[in-house]
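Coordinate analysis (summary)
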Amino acid sequence: MTEQGMIGIENLRVAFGQGADSVVAVDGVSLSVRDGESFGLVGESGSGKSTVLRAVSGLNHDWSGRVAVAGVEQSRRRAKGFFKTCQMVFQDPYGSLHPRHPVDRILAEPIAIHGLGDTDGRIDRVLLEVGLGPSFRFRYPHQLSGGQRQRVAIARALVLEPRLLLLDEPTSALDVSVQAEILNLLRRLRAERGLTLVLVSHNLAVVANLCDRLAVMNRGRIVEEMTVEDLRRGEAAQPYTRQLLRASQGYDRAAAESFRDFA
Amino acid sequence: MSDSPLLEVSNLRVSFPTRQGVTEAVRGVSFTVGREKLGIVGESGSGKSMTGRSVLRLVPAPGVVGADRLAFRGEDLLGASDKRLRAIRGRRIAMVMQDPKFSLNPVMTVGRQIAEAYRVHSDAGPAEARRRALEMLEAVRIRDPERVYGRYPHEVSGGMGQRIMIAMMLIPEPELLIADEPTSALDVTVQMQVLAILDDLCGRRGMGMIFISHDLNLVASFCDRILIMYAGRVVESCRASELRNATHPYTRGLLDSLPRLDDPRAELPVLTRDPAWLTEGGQ
Amino acid sequence: MNGRAMNGGSTWRAWLSTDTPQSRMQARLGRAWSGWLAFRRNRLAMAGLLIVLGLVVVAALAPLLAPYHPYEQDLANRLQPPGALHWLGTDSFGRDILSRLIHGARLTLMIVALVAATAPVVGLLIGTVAGYLGGWVDAVLMRITDIFLAFPKLILALAFVAALGPGIENAVIAIAITSWPPYARIARAETLTIRRADFISAARLQGASSARIILGHIVPLCVASLIVRVTLDMAGVILTAAGLGFLGLGAQPPLPEWGAMIAAGRQNVLEQWWVAAMPGLAIFVVSLGFNLLGDGLRDVLDPKGD
């Protein structure tokens, strides 16, 4: 199973809606992520990057193609055990925590679902691991800042000790100083736990900071795959990627003039 | 930049009474805006949006705005009657917000909304207003203005909605535009195109602009001058081109915490907030 | 934290309003405390709460508070206007109206409590299950709801009472059966907005079953707006019960049910107005109390207000 890597996707296709109104969000995507690798999925809104992530995580059932996680071929509905391998962190820390559950309950729930035992010990350990002390354990989400909420969301994903962590724009709703803290935390957790990360983001600099390799998506297809070293050197093969690189470098009157749509 | 400033703000304060006491969102901010692009940067809660809103007295209740001086072309805005303020709002000072969906009327075609906006502030007839609206849609680089004119807000994409919003705000040819995160919801390429439109309008018409954003890189590359806000105060102001040489530890901390493509270090320096920043003079 | 407190009261308050609770219980109490603080600021809601609490106290202490026995007839003193002996007058059998109203509070409270304990629970379960599962489950449950909604409430309740036989228990059952569908609709609408939230996705990704998600994640969020709605509806329930009593299908004589009392007073409504007006006033005050309480609760509980 290690030869296959952590994620193997072949010819993934996701369409929303029925018949004539159906919109193809992901159109024949194939990619693989090695065990222990940190992989970035980059694109603009509507590129299908989040849809790929949701198909891998099991949140989206309407896909066709082949998805394998940790060497196990996945069907549309996931068995309970799958979620101990693969967890996800969402973009909006204000929407991803139940507003009426205290941190304690949020973290105790996955432990109860999977019958793991030692609830108190696990909660205290994971809170320390994400940089929140035990004093946070009985707070409600509304008593936490955005960064603290995102740490709780990461703790919730880690409490099941997964090998694969899917990150859907985990820092784009946060201030830059908090973004730096969360990126540092994710990097440290990856090193400590040997996690495989898949990071979906529109921000090339964030992807470069956390990932080893990335794929650029546009309109449901992968435009190109490259290493972060290539990205840092600006060595993109495709014009779409070059345009994205240029746009992320700050405002430039001449560059804005040259932008075009890529179908 | 030029002779007399468009907007003068001196010791602006915005406070919100709450159950726990008074929360001060803006604590003594002073600046002037001429025919230039002034950027206001800060993190959430820094008071940057409230600063922009208080110029048009658009601070939501129960907020209270106070200032030693808040004047547009020498005319006091704080003491102005509501009627006088309505005449200034939209016609001479316009405001663009982050999300176009909340600012456009959902049951009126976008073209009519733009034409309305023009007619409210001029004596033009319907035909003239329509012609001007179409011109304006073209000016914000909408490819097929005739077709977009007849569409409803829900039928256009986010990027186009924001451009329509900008067209609507700019058609009365305001002298000052307050743009609060006008492009944050847009993809980077569309963002650049929208900024190019604003840039042109400032350059061509001599419009002044307050550009409020959390994005340091964007503001540094787009604006002429920058104010950095922290906890309701301006902690540093500088020319945009010199942001890299900023001296205040908060500004330095923000700049350092940004991941950069041209900087391969992995661990990002984390901003440590000094309580002294809350009390120091600012101006 | 600052350990020194001025006195017992402020220690309590600090303990309740701390941002760093030390236990589950403290967190929960702290939350209730901040809700109470918000509620207390609303004067009308406090007035509503006082009225409702007043109803409870009157019902609990009815035999002690009532100056006369509610069934005690005194035909020599029938249809007496309000006065020193009978503060609210007497009815056509010479019974003391105040005493009957006080004992009637028990019936009113029982009706309200029984309906509140059944209809919203049924509606909540049906609505959340339909909303979360969607598909054919949703279609079946909602069509059943629609069938119930298609009949006017009072007419349907009349039909049920007619079938079950008159009596206060059957009136309660009939009201409960006819009042759950709106709750199911509200709960479903609320569920539809919640089910796409990231925290529900997160729960699914932990392997939570549908039952766990509905009961543990969705129901707690629907309960708030449902409590508000139920409180506001209580006025309607009291009126429906009174209506059934008025038509002779609810409480049977000589039970001092307020609606039945109005019905009994209607023959004399022009000459001896107090016989019908006093129970009418009682219904009005209690309905108003529930309405004010509901409005106040909405400000505190409704998540949209956060």
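Here the structure is shown first, and the text comes after it.
1. A word on the overall build of chain A
What chain A contains, in helices and strands, is nine helices and 10 strands. Whereas a compact globule of 263 residues would reach a radius of gyration of roughly 18 Å, chain A reaches 19 Å, a difference of no more than 12%. C-alpha extents for chain A along the principal axes are approximately 55 × 40 × 40 Å. Of all 263 residues assigned to chain A, the portion counted as buried reaches 59%. Across chain A, every contact between residues at least 6 apart in sequence was considered, and the portion connecting residues at least 24 apart equals 65%. Total accessible area on chain A is roughly 10,000 Å²; 46% of this is exposed by carbon and sulfur atoms. Charged side chains in chain A number 33 positive and 31 negative. The centres of these two groups are separated by 3 Å.

2. Notes on the overall build of chain B
Helix and strand counts for chain B stand at 11 helices and 11 strands. Compactness check: chain B gives a C-alpha radius of gyration of 20 Å against a globular reference of 19 Å for 283 residues, within 12% of the reference. Each principal axis of the C-alpha distribution contributes one length, and for chain B these read about 60 × 50 × 45 Å. Buried residues in chain B amount to 52% of all 283 residues.

3. Remarks on empty space enclosed by the protein
Under the counting rule described, the total for this entry stands at four cavities of 30 Å³ or more. There is about 70 Å³ of room inside the largest cavity. Lining the largest cavity we find Ser 96, Leu 97, His 98, His 101, Ile 106, Glu 109 and Arg 156 of chain A together with Phe 199, Ala 202, Ala 203, Gln 206 and His 217 of chain C. Where the lining of the largest cavity is concerned, the elements lending two or more residues are α2 (103–113) of chain A together with α9 (198–205) of chain C. Examining the composition of the lining of the largest cavity, we find that three residues originate from one element, α9 of chain C, more than from any other. In terms of residue class, the lining of the largest cavity is built from five nonpolar, five polar and two charged. As for the second largest cavity, its lining consists of Ile 7, Ile 9, Leu 31, Val 33, Phe 39, Leu 41, Val 52, Leu 53, Val 56 and Val 198 of chain A. Counting residues per element, the ones that place at least two in the lining of the second largest cavity are β1 (7–16), β2 (23–33), β3 (38–43) and α1 (49–57) of chain A. Element by element, the count of residues in the lining of the second largest cavity is highest for α1 of chain A, at three residues. Considering only residue class, the lining of the second largest cavity consists of 10 nonpolar, no polar and no charged.

4. Considerations on helix α5 (residues 176–193) of chain A
All names here are of chain A. Under the 1.5 Å per step criterion, the end-to-end length of α5 is 25 Å for 18 residues, consistent within 8% with the ideal 26 Å. By the criterion of burial, α5 is predominantly enclosed, with 13 of the 18 residues buried. Once α5 finishes, Gly 194 follows within two positions and takes phi at roughly 60 degrees, a positive value.

5. Remarks on a nonpolar patch on the surface
All names here are of chain C. Together, Trp 12, Trp 15, Met 25 and Leu 29 line one region of the surface with nonpolar side chains, adding up to about 450 Å² of accessible area. Elements that contribute at least two residues to the nonpolar patch include exactly α1 (8–17) and α2 (24–40). As for its placement among the helices and strands, Leu 29 is situated in helix α2.

6. As for the sheet that holds strand β10 (residues 225–230) of chain B
Residue and element names in this part refer to chain B. Here we have six strands laid out as an open sheet, ordered β7-β8-β9-β3-β10-β11, and mixed in their pairing. The open sheet has two free edges, formed respectively by β7 (93–96) and β11 (233–239), since each of these has just one partner strand. Neighbour to neighbour, the strand axes of the sheet diverge by 15 degrees on average, direction disregarded. Bridging between β7 and strand β8 (residues 176–180) involves four bridges; their strand directions are parallel.

7. Some thoughts on the pattern of salt bridges
Side-chain pairs of opposite charge can arise whenever the charged atoms involved come near each other. Enumeration according to the criterion identifies 51 salt bridges over all chains in this entry. In this structure, Asp 27 of chain A engages Arg 221 of chain A in a salt bridge whose closest nitrogen and oxygen atoms are separated by 2.9 Å. Taken together, the positions of Asp 27 of chain A in strand β2 and Arg 221 of chain A in strand β10 (residues 221–227) put the pair 194 residues apart, joining distant regions of the chain. We classify Asp 27 of chain A as partly exposed; its relative accessible area is 22%. Judged by relative accessible area, which is 47%, Arg 221 of chain A ranks as partly exposed. Note that Glu 36 of chain B and Arg 225 of chain B form a salt bridge whose closest N and O atoms lie 3.0 Å from each other. Residue Glu 36 of chain B is located in the loop between β2 (21–33) and β3 (37–41), and its partner Arg 225 of chain B is located in strand β10; the two are separated by 189 residues in the primary sequence. When its relative accessible area of 21% is taken as the criterion, Arg 225 of chain B is described as partly exposed.

8. Here's the deal with the packing of α2 of chain A against helix α10 (residues 210–246) of chain C
At a minimum axis distance of 13 Å, the contact between α2 of chain A and α10 of chain C shows a crossing angle of 165 degrees. Taken together, the axes of α2 of chain A and α10 of chain C lie roughly antiparallel to each other. Classified by chirality, the crossing of α10 of chain C by α2 of chain A is right-handed. Contacts between α2 of chain A and α10 of chain C pair Arg 105, Glu 109, Ala 112 and Ile 113 of chain A from the former with Arg 212, Gly 216 and His 217 of chain C from the latter.

9. Section: α10 of chain C
All names here are of chain C. In this model, α10 (37 residues) spans only 45 Å end to end at C-alpha, well below the 54 Å of a helix rising 1.5 Å per residue. At Val 219, α10 is bent by approximately 50 degrees, the largest bend along its length, and proline Pro 220 sits one to four residues beyond. The buried fraction of α10 is high, at 26 of 37 residues. Looking one or two places after α10, you find Gly 248, whose phi comes out positive at around 85 degrees.

10. What about the pairing of β8 of chain B?
Look at any regular strand and the pattern is simple: side chains alternate between the two faces of the sheet. Residue and element names in this part refer to chain B. Burial within β8 is extensive, with five of its five residues counted as buried. Examined bridge by bridge, β8 and strand β9 (residues 208–213) share five bridges and lie parallel to one another. Residue pairing in the sheet places Ile 178 in a bridge with Ile 210 of β9.

11. Quick notes on the sheet that holds strand β4 (residues 63–69) of chain A
To summarise the sheet geometry, strands pair through backbone hydrogen bonds and adopt either a parallel or an antiparallel arrangement. All names here are of chain A. Here four strands make up an open sheet; going across it, the order is β2-β1-β4-β5 and the pairing antiparallel. Among the strands making up the open sheet, the edge pair consists of β2 and β5 (72–73). Pairing geometry for β4 and β5, over two bridges, is antiparallel. If you follow Ala 68 over to β5, its bridge partner there is Glu 73.

12. Some details on the packing of aromatic side chains
In this structure the tally under the stated criterion is 10 aromatic pairs over all chains. Taken together, a centroid distance of 5.5 Å and an interplanar angle of 85 degrees make the contact between Tyr 230 of chain B and Trp 277 of chain B edge-to-face. In this pair, Tyr 230 of chain B sits in strand β10 while Trp 277 of chain B sits in helix α11 (residues 276–279), placing the two residues 47 residues apart along the sequence. For Tyr 230 of chain B, a relative accessible area of 10% gives the class buried. A relative accessible area of 4% means that Trp 277 of chain B is categorised as buried. Pairing Trp 273 of chain C with Trp 274 of chain C gives two aromatic rings, centres 5.8 Å apart and planes at 85 degrees, and the pair type is edge-to-face. Following the ring pairs from residue to residue traces out a cluster consisting of Tyr 251 of chain A together with Phe 211 and Phe 222 of chain B. Against the face of Phe 136 of chain A rests Arg 139 of chain A, its NZ or CZ located 4.3 Å from the ring centre. Above the plane of the ring of Phe 246 of chain C lies Arg 266 of chain C, whose end atom (NZ or CZ) is 5.3 Å from the centre.

Rules and cut-offs
Residues numbered from 1 in each chain as written. Chains lettered and ligands numbered in written order. Predicted model: local features only at pLDDT ≥ 70, side-chain atom pairs only at ≥ 80, totals over all residues. Heavy atoms only, no water. Helix = DSSP H or I, 4+ residues; strand = E, 2+ residues; numbered from the N terminus. Rg over C-alpha atoms; globule rule 2.2 N^0.38 Å. Buried < 20%, exposed > 50% of the residue type's maximum accessible area, 1.4 Å probe, protein only. Contact = heavy atoms within 4.5 Å. Areas by Shrake-Rupley, 256 points an atom, 1.4 Å probe, with all protein chains shown as cover. Lys, Arg positive; Asp, Glu negative; His and termini not counted. Charge placed at Lys NZ, Arg CZ, Asp CG, Glu CD. 1 Å grid on protein atoms, 1.4 Å probe; cavity = no way out; pocket = protein on both sides within 12 Å on 5 of 7 lines; lining within 4 Å. Points joined across faces, edges and corners; volume = space filled by probe spheres on them. Nonpolar A, V, L, I, M, F, W, Y, C, P; charged D, E, K, R; others polar. Expected span 1.5 Å × (residues − 1). Patch = residues over 30% accessible without salt bridge, like charges linked within 9 Å, V, L, I, M, F, W, Y side chains within 5 Å. Salt bridge = Lys/Arg side-chain N within 4 Å of Asp/Glu carboxyl O. Pairing = 2+ DSSP bridges. Axes fitted to C-alpha atoms, helices over the stretch in contact; angles between N-to-C directions. Parallel < 35°, antiparallel > 145°, perpendicular 65-115°, else oblique. Left-handed = near helix turned anticlockwise from the far one by under 90°. Bend = angle between axes of the 7 residues up to and from the residue. Phe/Tyr/Trp six-rings, centres within 6.5 Å; stacked < 30°, edge-to-face > 60°. Lys NZ or Arg CZ within 6 Å of the ring centre and 35° of its normal.

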